[in-house]
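Understanding the architecture of this molecule
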Amino acid sequence: MPVDQHDSGTKRPEQCDGRLYGHATMSCVKLMQRIRRVWPAYPARTLRGAAAVLVLFAAVIASAPDWWAEAAAPVAMWVGRHWLAALLFALAGVLAVSAGRRRRSSDDFALPLAAHVAALLTAAIAVAVGAGLALWLAVGQPDLTASAPSGATVQGAGWSAQTTFDGLRAVLSLVAGLGAVVALTVAYRRQRHHETAEQRENTKLFAERFAKAAELLGSAQAAVRLSGVYAMAALADDWKAGRQTCIDVLCAYIRMPYEPPSDTADPPSGSSDPTAQNADRDPREERQVRHTVIRIIRDRLRPSIDKARAWQGHHFDFTGALFDGGDLTYIDLRDQTLLDFTNATLRGTVDFAHATFSGGTVAFFGTRFSGGMASFFSATLSAGMLRFGDTTLSDAAVDFGYTTISGGTVYFGDVTLSGGSVFFGSAEISGGMVSFGRTKFSGGTVDFSGGKLSGGLLDFGDAVLSGGTVSFRGATFSDGIVGFGNVTLSGGTVDFRGLTFPGGTVDFRDATLSGGAVEFGGTELSGGTVEFRDATLAGGRVNFGATTLSGGAVSFGGATFSGASVNFRGARFLGSEIDFQGSRSWEKPPIGVAGSEPGVRWPVGR
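Note that the structure is a prediction, hence the values are computed from the model and not measured. (Residues numbered from 1 in each chain as written. Predicted model: local features only at pLDDT ≥ 70, side-chain atom pairs only at ≥ 80, totals over all residues. Heavy atoms only, no water.)

Let's shift gears to the overall build of the protein chain. Regarding its fold elements, the protein chain presents 10 helices and 36 strands. As presented, the protein chain carries roughly 29,000 Å² of accessible surface, and 55% of it is formed by carbon and sulfur atoms. (Helix = DSSP H or I, 4+ residues; strand = E, 2+ residues; numbered from the N terminus. Areas by Shrake-Rupley, 256 points an atom, 1.4 Å probe, with all protein chains shown as cover.)

Look at helix α8 (residues 243-255) against helix α10 (residues 283-301): their axes get within 10 Å of each other, and the N-to-C directions meet at 145°. Here α8 and α10 pass one another in a crossing that is left-handed. Packed against α8, whose contacting residues are L250, C251, Y253 and I254, the element α10 presents E286, V289, R290, V293, I294 and I297 at the interface. Partitioning the contact of α8 with α10 into residue classes produces 8 nonpolar, no polar and 2 charged. (Axes fitted to C-alpha atoms, helices over the stretch in contact; angles between N-to-C directions. Left-handed = near helix turned anticlockwise from the far one by under 90°. Contact = heavy atoms within 4.5 Å. Nonpolar A, V, L, I, M, F, W, Y, C, P; charged D, E, K, R; others polar.)

We now examine the packing of aromatic side chains. This model, assessed by the stated rule, comprises 52 aromatic pairs. With a centroid separation of 6.4 Å and an interplanar angle of 85°, the aromatic rings of F364 and F376 are classed as edge-to-face. Separated by 12 residues along the polypeptide, F364 in the loop between β8 (356-363) and β9 (368-369) and F376 in the loop between β10 (373-375) and β11 (380-387) bring together distant segments of the chain. F376 sits in the buried class, given a relative accessible area of 0%. A ring pair is formed by F556 and F568, whose centres lie 6.4 Å apart and whose planes are at 70°; its orientation type is edge-to-face. A residue pair is termed long-range when its members are at least 10 positions apart, and F556 in the loop between β30 (548-555) and β31 (560-561) and F568 in the loop between β32 (565-567) and β33 (572-573) qualify at 12 residues. Comparing F556 with F568 shows no difference in burial state: the two are buried. (Phe/Tyr/Trp six-rings, centres within 6.5 Å; stacked < 30°, edge-to-face > 60°. Buried < 20%, exposed > 50% of the residue type's maximum accessible area, 1.4 Å probe, protein only.)

Attention shifts here to the pairing of strand β21 (residues 452-459). The pairing of strand β18 (residues 428-429) with β21 spans 2 bridges and is classified as parallel. Residue pairing in the sheet places E428 in a bridge with K452 of β21. Examined bridge by bridge, strand β19 (residues 433-435) and β21 share 3 bridges and lie parallel to one another. Bridge assignment links V434 to a residue of β21, and that residue is L458. With 6 bridges connecting them, β21 and strand β23 (residues 476-483) associate as parallel partners. (Pairing = 2+ DSSP bridges.)

Moving on, we get to the pattern of salt bridges. For the structure on display, the rule yields 20 salt bridges. For R300, the salt bridge identified is with D237, shortest N-O distance 2.7 Å. You can see R300 sitting in helix α10 and its partner D237 sitting in helix α7 (residues 222-238), a full 63 residues away along the chain. Of the charged contacts, one joins D327 and R298 as a salt bridge, the two residues approaching to 2.7 Å between their closest N and O atoms. Linking D327 in strand β3 (residues 326-327) with R298 in helix α10, this pair joins segments that are 29 residues apart in sequence. Three or more residues joined by partner-sharing salt bridges are found here, namely D237, R300, D306 and R309. (Salt bridge = Lys/Arg side-chain N within 4 Å of Asp/Glu carboxyl O.)

Phi at D335 is positive, roughly 55°, even though this residue is not glycine. Mapping D335 onto the fold places it in the loop between β4 (332-333) and β5 (338-340). Of the residues examined, D335 reaches a relative accessible area of 48% and is grouped as partly exposed. You will see that D462, though not glycine, has its phi angle at about 65°, which is positive.

Scored by pLDDT, the protein chain has a mean of 81; 69% of the residues are at 70 or more. For residues 1-18, every residue scores under 50 in pLDDT, and the model assigns this stretch 7 contacts once sequence neighbours within four places are set aside. Segment residues 38-42: pLDDT under 50, and 14 contacts once partners within four positions in sequence are set aside and those in other chains are kept. (pLDDT = per-residue confidence, 0-100.)

Looking now at the packing of α7 against α10. Two numbers describe how α7 lies on α10: the axes approach to 9 Å, and their chain directions differ by 15°. The orientation of α7 relative to α10 falls into the category roughly parallel. Two packed elements cross with a definite hand, and for α7 against α10 that hand is right-handed. Side by side, α7 and α10 meet where A222, R225, L226, V229, Y230, A233 and D237 of the first sit next to E285, E286, Q288, V289, T292, V293, I296 and R300 of the second. Tallied by class, residues from the contact of α7 with α10 come to 8 nonpolar, 2 polar and 5 charged. (Parallel < 35°, antiparallel > 145°, perpendicular 65-115°, else oblique.)

In structure tokens form, the structure reads like this:
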């Protein structure tokens, strides 16, 4: 049959082209309907503009083959030869659209909606053109100007209406996918807008609550101030971004001038004048408000609090405040939490009993203990720091009884101890450091009686003792170091009597004794080391009387015996190594030892 003849069942190309245009139009309409369902919040004019772009592109694809060949082939050849320039032109267009966007805050950084959609539609057209070019290359670069019989599929036979329809359908599928991307982009922008608006509304609400709570805290009535305290705490629980601000307000209330009530003071008389009423607050009522603030902080730092309401990781500034008591028992200090009592005054007991310190810090730098007490009874320290630097203890007590220390630092460096006591009785130290370095002792007591040292460091290096007592009576040392290196002892007592000593080290190297006493009487030395190397023993007393020396070593190598009484009377030499060799001076040799006892190494020529 001749090529130009058709039977009655064969459709003409014109009919195929008509159906092709109908299919393209219906596809565009359906696509816009789908986008409209997920994009209801935006004006129809924008949608009509997008539809116009899509229809225009469909018209370009469906144009006559001769026009397509004349328009697409040169463009394809130019893009193929100058792909880098084409890419740069596209990038310049995107940047130009971005430069024309309206300015927004950093919280809402985005292109205007019209520019955003236009950029995506431009990308859709570019992808469609690229896909069409790739399809043309894949089918062998047919002659787009030559006609072919309907249904012809032979490579190189020309471009038919059916081929145009298939290509258009593939291109429109890609455009539909990109249209879905547009819809998702719009939905994301709308959701982000709603979240930003909700956040702004929440911030406004929190600000109103904050102002109201602060106003209540300034009331002259104690009951109203209490309600302000609870309102501010509740706001801190709900407002994570402003939690530190709320904590600062509560701490500032504690820092306000305050005079604790006396037992005999009468409450102030009532007054109708609000100013006078505010000036004459009942100190008993004020104490209740202040102690409530401290209890609220305690509750938010306890491990039983749920994580969303926990105040860990924040700074509690009590600088310069006056405390006439405070309950901080069972708190768990971690995540760099800081309780700062710098330059505060303690007239009552601030109680940290049973607290756990696993990463936070409690600072008592420059704190004045005016008959007050800081109690860490039965606390657990595994990390972090308890700092008492540059503090004067005259009639105060710091209690670490039954404390467990496995890490971290308890620091009393540069403290002046003229009275009172620091009590570590029955404490267990297996790691970390307890430091009294450079401390000045003129009175008072540091008591480790009954304690257990199995690791870590007790440091008294460079301390000056002119009075007072450092006691380790009845303690057990199995490991670790008790360091008195370079200490100056002109008075007072360092007492190791009754010590059980299977390991560890007691170090007095380079110490200077001009008075006072170091007592080891009744100690059982079965291991470990006692060091007096290079010490200057010019006065005072070093007593090993009635000790049992069955292991370990006592070394006086390089020491100067110029006046101190070094006594071994009644000692039992059962295997310990006692070294006096290398002594620099022998003006007053030790008593109670002749040099012939087992384990004793006597100076040559003495």
